[in-house]
Amino acid sequence: MITSKDILELLKYGERISLECKESRNEISKSVWETYSAFANTCGGIILLGVAENMAETDYEKRFSFTDIKNPKARLKEFWDTINSSKVSSNILLDDNVGICQIRGANVIWIEVPQADYRHKPVYINDNLLKGSYKRNHEGDYHCTEEEVKSMLRDASDSGIDGSLLYGFTMEDIDSSTLKAYRVEYEHHNPEHVWNGIDDKEFLRNLGAYAVDRATKREGLTVAGLLMFGKGLSVRERFDNIRMDYLDQTNLAEGSRWSDRLTYDGSWENNLYNFLKRILPKLVSELKRPFKLQGMVRVDDTSVHKAIREAAVNMIIHADYHSIGVLKVVKSDDGFTFSNPGSLKLPVQAIYEGGHSVARNPKIQNMFRMIGLGDNIGSGFPAILKAWGDEKWRQPDLYDDQELHQVNLKLWMVSLMPAECTDFLHDTFGMAYRHLKSEEQIILATAFLEEKVSNTRLQSVLGLHSTDIGRMLFRLADKKMLAAERRGRWTTYRINMEYEIKPEQLNMEDVSEDPVDLNKTDQLIYQFIVMNGMITTQQVVDIIDTITTKQGASVALNRLIDRGLIVKVRQGRHVVYQLK
């Protein structure tokens with residue numbers, strides 16, 4: 001249930017890309033249904049009826065105005081009657097997703113549209129699949145291309161997209177060396193399996209790499225079979241829209257773009273099995289392997305090694321091989337990036353939570369699992385998160401780029417708050433940085449380390465709601481610590497390199513004379529109040545390393561009260577401390 005307070009917070013701090021306002025004074029705006037389709041087919045969002053937005057205005061107070069819906073109950077009935085008619089292909093809303101509230105005397109209808117389940121996509125309007133399907137980007141709602149519609153229709157199937165028969169592609173298109181290498185691995189992991197004794201064609205058929213159409217008696221390789229074991233020329237002949245590329249950008253010589261590269265050069269048969277087997281040793285070649293014995297056998301496979309393998313396999317099994325794109329892996333000094341064409345079938349948050357897995361290519365997934373590559377269903381990404389968390393590295397960044405139709409996973413091999421980052425932020429912002437909440441410090445660190453930051457990225461880093469993050473971004477931008485870069489409805493933030501440190505923000509080590517003869521702890525508290533107008537006991541705990549409880553904070557604050565410097569003030573249900 002959304003309240004008037006929630007809406008005001010959303011208008012001030014929320015993401016514009018997931019928020020749409022319509023005037024709708026006397027009737028439901030016709031464009032509501034385009035936005036409904038767009039939100040359902042992208043990442044969800046909130047529609048506000050009875051609110052006008054001036055996109056050119058940056059001031060929150062001037063940007064939005066409440067137009068007041070006349071007879072809101074009738075408008076609400078009109079909405080439900082329409083959404084349950086043939087106007088839209090699917091009603092994915094529940095009663096709790098829609099409501100009415102009053103804001104400053106004006107009636108507002110709110111509609112919370114979730115991201116549609118992949119089985120229900122595309123959600124379209126006017127009984128027109130191609131012309132009535134919409135998606136959302138930084139400019140607003142846009143008509144889906146024919147390829148986007150086809151991609152959603154392919155993804156709607158739980159059977160995946162890699163099991164279909166490819167007419168004309170036979171055993172002649174299989175690279176015998178690749179298949180032999182795979183079968184050796186298969187037998188090593190499954191030594192007693194009955195498939196070890198059958199011929200190649202029957203083995204591939206059991207594996208889902210070869211199929212027979214019972215109706216027509218035609219037979220041949222499946223999509224999975226050709227991509228996994230095919231000759232390079234045969235793979236390119238059928239899937240010339242897909243490339244495979246590996247770049248090592250570590251230890252670069254001056255003027256070089258990479259120190260090592262694996263791409264199509266005729267020296268290897270470019271199928272998925274060969275690509276993965278060639279890049280995995282390169283990815284983990286410089287990772288530390290601690291000496292550990294299990295019985296008399298050395299075990300040098302760490303959770304980080306496993307996580308990198310999991311990320312590489314995920315890239316392959318979730319790629320859309322019917323789209324144009326690149327399977328790309330980049331090894332850099334600060335980590336690894338895995339990219340694949342397509343989009344995520346599940347919401348990003350559901351993937352971070354784990355327990356969910358919907359592979360776009362389940363037959364390829366099974367082929368890798370049968371040789372020990374790929375984790376159990378739904379546990380792969382949480383295993384990556386745990387490995388990275390144990391190392392105290394930055395949270396992996398999983399990003400679904402709707403405009404490029406590409407999924408990117410960045411595995412940062414950089415600590416959450418490395419010393420050089422903290423030193424830079426201290427030097428740039430002075431004492432103001434020390435006074436920030438820990439979450440705000442992490443936001444600045446993320447903006448520094450990743451060069452820019454967005455509300456969406458911070459949701460995975462901090463695990464907070466977008467409105468809460470928007471509030472902190474607004475505060476940091478208001479303090480001139482972050483510089484906002486707006487692109488239509490999408491905003492990113494960078495460190496403000498032109499920030500000027502005010503005299504009262506200097507670090508205490510740089511202050512030669514204590515103006516009020518306070519100890520260092522009390523001086524930090526006093527300067528925080530000077531800069532921010534007030535302080536709470538919790539904020540004292542946050543900014544003072546030596547104070548760990550609110551009781552300890554109260555003791556320090558009482559010293560300042562006794563000196564006649566500050567006073568205790570009640571604001572509603574809260575108690576704050578201000579300058580006297």
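Residues numbered from 1 in each chain as written. Predicted model: local features only at pLDDT ≥ 70, side-chain atom pairs only at ≥ 80, totals over all residues. Heavy atoms only, no water.

**With respect to the pattern of salt bridges**
Selection rule: The salt bridge criterion pairs a side-chain nitrogen of Lys or Arg with a carboxyl oxygen of Asp or Glu, the two atoms within 4 Å. Strands here are runs of E lasting at least two residues and helices are runs of H or I lasting at least four, both read from the DSSP assignment and numbered beginning at the N terminus. Here the term buried applies to any residue with accessible area under 20% of the maximum for its type, exposed to any over 50%, and partly exposed to those in between, with areas from a 1.4 Å probe on protein chains only.
All chains considered together, the criterion is met by 33 salt bridges. We note a salt bridge from K386 to D390, for which the minimum N-O separation is 2.9 Å. In this pair, K386 and D390 both sit in helix α14 (residues 380-390), 4 residues apart, roughly one turn of the helix. Of the charged contacts, one joins R457 and D397 as a salt bridge, the two residues approaching to 3.7 Å between their closest N and O atoms. Here D397 lies in strand β17 (residues 397-401) and R457 lies in helix α18 (residues 455-462), a separation of 60 residues in the sequence. Taken as a pair, R457 and D397 share a single burial class, namely buried. Within this structure, R16, E20, K22, E53, R63, R136, D141 and R489 form a network of salt bridges that share partners.

**Observations concerning the confidence of the model for the protein chain**
Applied cut-off: What pLDDT reports is the predictor's confidence in each residue, on a scale of 0 through 100. We call two residues in contact when some of their heavy atoms are within 4.5 Å.
Mean pLDDT over the protein chain: 89, with 94% of residues reaching 70 or higher. Between the elements of the protein chain, mean pLDDT differs from a low of 50, seen in strand β14 (residues 297-298), to a high of 98, seen in helix α8 (residues 223-229). Low pLDDT, under 50, characterises residues 505-515; the predicted model gives this stretch 22 contacts beyond four residues in sequence or across chains.

**Observations regarding the sheet that holds strand β12 (residues 260-262)**
This is how the line gets drawn: At least two DSSP bridges between two strands are required for those strands to pair. Here an axis means a line fitted to C-alpha atoms, over the contact stretch when the element is a helix, while the angle between two N-to-C directions is reported on a 0 to 180 degree scale.
Strand order in the open sheet formed by 6 strands is β12-β11-β15-β16-β18-β17, and the pairing between neighbours is mixed. Each edge of the open sheet carries a strand with a single partner, namely β12 and β17. Strand after strand, the sheet turns through a mean of 10° between neighbouring axes, direction not considered. Across 5 bridges, strand β15 (residues 325-332) lies against strand β16 (residues 335-341) in antiparallel orientation. The residue bridging K328 from the neighbouring strand is S339, located in β16. Along the sheet, helix α11 (residues 303-317) contacts β15, β16 and β18 (406-412); its crossing angle with β16, the most-contacted strand, is approximately 15°.

**Comments concerning unusual backbone geometry**
Residue P122 is bonded to the preceding K121 through a cis peptide linkage, with omega at 0°. Of note, P122 is situated in the loop between β6 (106-113) and β7 (134-137). A positive phi angle is found at N71, which is not glycine, with a value near 50°. As for its position among the elements, N71 is in the loop between β4 (64-66) and α4 (72-83).

**Looking at α4**
Keep this limit in mind: Multiplying 1.5 Å by the helix residue count minus one yields the expected span of that helix. Directions pointing from the helix axis toward each C-beta atom define the arc.
Counted at 1.5 Å a residue, the expected span for α4 with its 12 residues is 16 Å, and the 16 Å between its end C-alpha atoms agrees. Among the residues of α4, P72, R75, L76, F79, W80 and I83 are the ones counted as buried. One side of α4 carries all its buried residues, which in axial view fall inside an arc of 135°. In α4, those exposed residues whose orientation departs by more than 90 degrees from the buried face are K73 and K77.

**Some points on the packing of aromatic side chains**
The condition is simple: Any pair of Phe, Tyr and Trp rings, taking the six-membered ring for Trp, is counted once the centres come within 6.5 Å. Such a pair is stacked with planes under 30 degrees apart, edge-to-face with planes over 60 apart, and tilted for the rest. In this scheme, the term charge over a ring applies when either NZ of a lysine or CZ of an arginine sits within 6 Å of the ring centre and within 35 degrees of the ring normal.
The final tally for this structure, using the stated rule, is 17 aromatic pairs. Judged by centre distance (4.9 Å) and plane angle (75°), the rings of F429 and Y499 are edge-to-face. Residue F429 is found in helix α15 (residues 419-429), and its partner Y499 is found in the loop between β21 (490-495) and α20 (520-532); the two are separated by 70 residues along the sequence. With respect to burial, F429 and Y499 carry one shared label: buried. A cation sits over an aromatic face here: R261 above W258, 4.7 Å from the ring centre. Sitting over the ring of W412, K410 keeps its end group 4.8 Å from the ring centre.

**Points about the sheet that holds β21**
Spatial strand order, β19-β21-β20: 3 strands in an open sheet with antiparallel pairing. Where the open sheet ends on each side, the last strands, each with one partner, are β19 (453-454) and β20 (482-487). By the bridge criterion, 6 bridges tie β20 to β21 in an arrangement that is antiparallel. Bridging across to β21, R486 finds its partner in T491.

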